[in-house]
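Architecture at a glance
Below, each chain spelled out in residue letters.
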Amino acid sequence: MARRIRKGDDVMVIAGKDKGKRGTVLRVMGGSDQILVENINIVKKHTKPNPNKGEQGGIIDKEMPLHISNVALYNPVMDKADRVGFKVLDDGRKVRVFKSNGEVVDV
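The notes below deal with the structure included here.

Cut-off values and rules
- Residues numbered from 1 in each chain as written.
- Predicted model: local features only at pLDDT ≥ 70, side-chain atom pairs only at ≥ 80, totals over all residues.
- Heavy atoms only, no water.
- Patch = residues over 30% accessible without salt bridge, like charges linked within 9 Å, V, L, I, M, F, W, Y side chains within 5 Å.
- Areas by Shrake-Rupley, 256 points an atom, 1.4 Å probe, with all protein chains shown as cover.
- Salt bridge = Lys/Arg side-chain N within 4 Å of Asp/Glu carboxyl O.
- Lys, Arg positive; Asp, Glu negative; His and termini not counted.
- Charge placed at Lys NZ, Arg CZ, Asp CG, Glu CD.
- Helix = DSSP H or I, 4+ residues; strand = E, 2+ residues; numbered from the N terminus.
- Core = buried A, V, L, I, M, F, W, Y, C linked by side-chain atoms within 4.5 Å.
- Buried < 20%, exposed > 50% of the residue type's maximum accessible area, 1.4 Å probe, protein only.
- Contact = heavy atoms within 4.5 Å.
- Pairing = 2+ DSSP bridges.

A short note on a positive patch on the surface
- On the surface, a cluster of positive charge is contributed by R4, R83, K94 and K99.
- Residue position: R4 is located in the segment before β1 (10-13).

A word on the nonpolar core
- Residues I5, V11, I35, V37, L66, V71 and L73 are the most contacted members of the largest nonpolar core, which totals 13 residues.
- Counting residues per element, the ones that place at least two in this core are β1, β3 (34-37) and β7 (71-75).
- In this structure I5 touches V11, V25, V28, I68, V71, L73 and R96, once residues within four positions along its chain are discounted.

What to know about the pattern of salt bridges
- Under the defined criterion, the tally for this structure stands at 6 salt bridges.
- In this structure, R3 and D33 form a salt bridge, with 3.4 Å as the shortest nitrogen-oxygen distance. Here R3, found in the segment before β1, pairs with D33, found in the loop between β2 (22-28) and β3; they are 30 residues apart in sequence, far enough to count as distant.
- R96 is the salt-bridge partner of D9, the closest N and O atoms lying 2.7 Å from each other. Here R96 lies in strand β10 (residues 94-98) and D9 lies in the segment before β1, a separation of 87 residues in the sequence. Just as D9 is buried, R96 falls in that class too.

Brief notes about unusual backbone geometry
- We note that D33 has phi near 55°; this positive angle belongs to a residue other than glycine.
- Here the phi dihedral of N41 falls at roughly 60°; this positive angle occurs in a residue that is not glycine.
- Considering the arrangement of structural elements, one finds N41 in the loop between β3 and β4 (42-47).
- Here N41 falls in the buried class, since its relative accessible area comes to 14%.

What to know about the environment of R27
- Mapped onto the secondary structure, R27 falls in strand β2.
- Along the backbone, R27 and I5 are 22 residues apart, and their C-alpha atoms lie at a distance of 10 Å.
- Those residues in contact with R27, other than ones at most four positions away along the chain, are Q34, I35 and L36.

Considerations on the sheet that holds strand β8 (residues 80-82)
- Reading across the sheet, the 6 strands line up as β6-β3-β2-β1-β7-β8 and stay open at both edges, with antiparallel pairing between neighbours. Two strands in the sheet have a free side with no partner beyond their single neighbour: β6 (66-67) and β8.
- In this sheet, β6 lies alongside β3 in antiparallel orientation, the contact comprising 2 bridges. Opposite Q34, over in β6, you have H67 as the bridge partner.

Encoded structure:
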């Protein structure tokens, strides 16, 4: 199954507390439609010290997953978030295209 949003894509958050922010997709969770975006949806996690592993306790900032429906691919030409469709090229390759201007996403 071809995914509209993949690892390494530049995305813009379109809903939630980080609406309007841009980031790079670090990871796409397989079965749950969740994605991890760099410096987006940061939460404070309280951790206990673990002397066996040498971990120090305290409060750390951590990125949490977002639902894939809350982000859209960033279109640098239009300078805004854009929807994505698929198109089959003449040579038989299936590529992602922006809906607004029909430009190919994949290089």
